[in-house]
Amino acid sequence: MNALWGRIGKILPPPGLPRALAFQSALYAVGNGTFLTGSVVFFSLYVGLEPVQIGIGLSVAGFVGLAGSFPFGHLADRIGGRRAWVAGAIAEAAAFAAYPLADGFALFLLVICTQTAAETLANAGRVVYTAAVVPKENRVRVMAFARAYLNVGFTVGSGIGALALALDSRPGLLILVLTAAAGTALNAVFVARMPHAVAPPPAEGERPSPWGVLRDRPFTGLAVLFGVLWLHSTVWAEILPLWAITMTDAPKPVLGALFALNTAMAVLLQVRAARGADTLTGSTRLLRRSALLAAVACPIVALSGWTGGWVTVAVLAVAVVLFTGTELWLSSAQWYLNTELPPAGQRGAYVGMSRSMGGLAKMVGPAGFTVLAIETGGWGWWVIGGVFALCGALCLPVVRWVERTPRNVAAVTAA
């Protein structure tokens, strides 16, 4: 019995607020995962949109998230993380509930942009609140548990979404958005009941301008580095499947197994992968390791174009394992660097700026990487791997540049 409780203890987050944050992540992901599973089908068959209209709407919403990350991050700094989190969650729940009423492209565009803006504000509030309420020595571990439970929630949500789609009816499609609306509303109630965070002490002198964050060149360089490295998720989730079905003999059902492999590793190994990320040295080490794994994974994917049968499947599985390792170590390093390096009163603005830089990379990178991987017949994978290898070489110099640059209020104001 003691051995059983010991195993359970490794899966459950520590009691109290860490466990509440993990449960909140799962609750949020169940609702969103349900909707994401069939969102395109809902927009097409329930709302009645053309594929081009859906694509335009998703692109415009993506731009809203990109442009809103910095100002919403600053707003979360001003009004408090929990308040911003709750406000964003309530607005997002209302947007989900309004999707069935979006009769026509214009209303659809309005609702999807509102939902994206609300989600961006909620995410900014979550980061600011978590960094303020969780002690520094436990912060990375707590965030690792939250991310692991987020993946559990998305898995459950995907299952609910698949069942709703299996009904093959308008009521089934309605279940998608109503589940998302209910889950997000419950999430807002849950967050509102969390304890207040202690606000950082007010800085001496005048309040720094949020635009000073954009002039923090070392941290901007680090944000760009993270943005490029996070393209690995696009590579494995979008480009690798396209490569597998067009350039290899791997059976199509194998793709589902590869996604399941990634999810299982993310759930089971995220907390363990975060070990050592609670110091600047440790997080920098994990950042370099993540870049190295992504660099090695790319030529392995290229190798799958020369193999056959189950060897191809095994090669693709090895690549997915390496890309998942990149995800686990990269997220762990980013938690520390994004919450410990910025001034406490400007975490939202700094994290928002970092996400904006990541969004810019995601706008440019996928098209270029797809051409390199698919149109070259395989040798472009070496170029993509070289990009990740270059990021790995730049990790230590960039982090040292950030470290030796003052980042207090006076320095940011005078930047």
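The shown structure was predicted, so the numbers you read here are calculated from the model rather than taken from an experiment.

Colleague: Please set out the overall build of the protein chain residue by residue, giving values where relevant.
Modeller: Counting secondary structure elements, the protein chain contains 16 helices and 0 strands. Overall, the C-alpha framework of the protein chain stretches about 65 × 55 × 50 Å when taken along its three principal axes. Across the 415 residues that make up the protein chain, the buried fraction comes to 50%. In the protein chain, of all internal contacts separated by at least 6 residues, the share reaching a separation of at least 24 is 86%. Taken as a whole, the protein chain presents about 18,900 Å² of accessible surface, with 68% of it coming from carbon and sulfur.

Colleague: Could you give me a rundown of helix α14 (residues 347-375), with the residues and numbers involved?
Modeller: For α14, which comprises 29 residues, the first-to-last C-alpha distance of 41 Å matches the rise-based estimate of 42 Å (1.5 Å per residue) to within 8%. The largest bend along α14 reaches roughly 35° and is located at G365, with the proline P366 sitting one to four residues downstream.

Colleague: Any chance you could break down the state of the cysteines for me, citing the residues and the numbers?
Modeller: One pass over the full model with this rule turns up 0 disulfides. C391 supplies the cysteine sulfur nearest to C395, a cysteine that is in no disulfide, at a spacing of 6.9 Å.

Colleague: Break down a nonpolar patch on the surface for me, with residues and values.
Modeller: There is a patch of nonpolar side chains on the surface, built from V52, I56 and V60 and spanning about 240 Å² of accessible area. Examined against the element boundaries, V60 turns out to sit in helix α3 (residues 51-79). On the basis of relative accessible area, V60 is assigned to the partly exposed category, the value being 30%.

Colleague: I'd like a rundown of the pattern of salt bridges, residues and numbers included.
Modeller: In this structure the tally under the stated criterion is 2 salt bridges. The residue E340 makes a salt bridge to R139 at a minimum N-O spacing of 2.1 Å. In this pair, E340 is assigned in helix α13 (residues 310-340) and R139 in helix α6 (residues 136-166), connecting sequence segments 201 residues apart. A relative accessible area of 6% means that R139 is categorised as buried. Residue E327 pairs with R147 through a salt bridge whose shortest N-O separation is 2.9 Å. One end of the pair, E327, is in helix α13; the other, R147, is in helix α6, and 180 residues separate them in sequence.

Colleague: Before we move on, can you summarise the nonpolar core with the specific residues and values?
Modeller: The biggest cluster of nonpolar side chains holds 69 residues, and the ones touching the most others in it are L222, L287, F323, W381 and F388. V47, F96, Y99 and A164 belong to the second largest nonpolar core, which has 22 residues in total.

Colleague: Run through the packing of α3 against α14, naming residues and quoting values.
Modeller: Axis separation between α3 and α14 bottoms out at 7 Å; the angle between their running directions is 170°. With respect to each other, α3 and α14 are oriented roughly antiparallel. Two secondary-structure elements touch here, α3 through L66, S69, F70, G73, H74 and D77 and α14 through R347, G348, A349, G352, M353, R355, S356, G359, L360 and M363. Split into classes, the residues belonging to the contact of α3 with α14 amount to 6 nonpolar, 7 polar and 3 charged.

Procedures and definitions
Residues numbered from 1 in each chain as written. Predicted model: local features only at pLDDT ≥ 70, side-chain atom pairs only at ≥ 80, totals over all residues. Heavy atoms only, no water. Helix = DSSP H or I, 4+ residues; strand = E, 2+ residues; numbered from the N terminus. Buried < 20%, exposed > 50% of the residue type's maximum accessible area, 1.4 Å probe, protein only. Contact = heavy atoms within 4.5 Å. Areas by Shrake-Rupley, 256 points an atom, 1.4 Å probe, with all protein chains shown as cover. Expected span 1.5 Å × (residues − 1). Bend = angle between axes of the 7 residues up to and from the residue. Disulfide = S-S within 2.5 Å. Patch = residues over 30% accessible without salt bridge, like charges linked within 9 Å, V, L, I, M, F, W, Y side chains within 5 Å. Salt bridge = Lys/Arg side-chain N within 4 Å of Asp/Glu carboxyl O. Core = buried A, V, L, I, M, F, W, Y, C linked by side-chain atoms within 4.5 Å. Axes fitted to C-alpha atoms, helices over the stretch in contact; angles between N-to-C directions. Parallel < 35°, antiparallel > 145°, perpendicular 65-115°, else oblique. Nonpolar A, V, L, I, M, F, W, Y, C, P; charged D, E, K, R; others polar.

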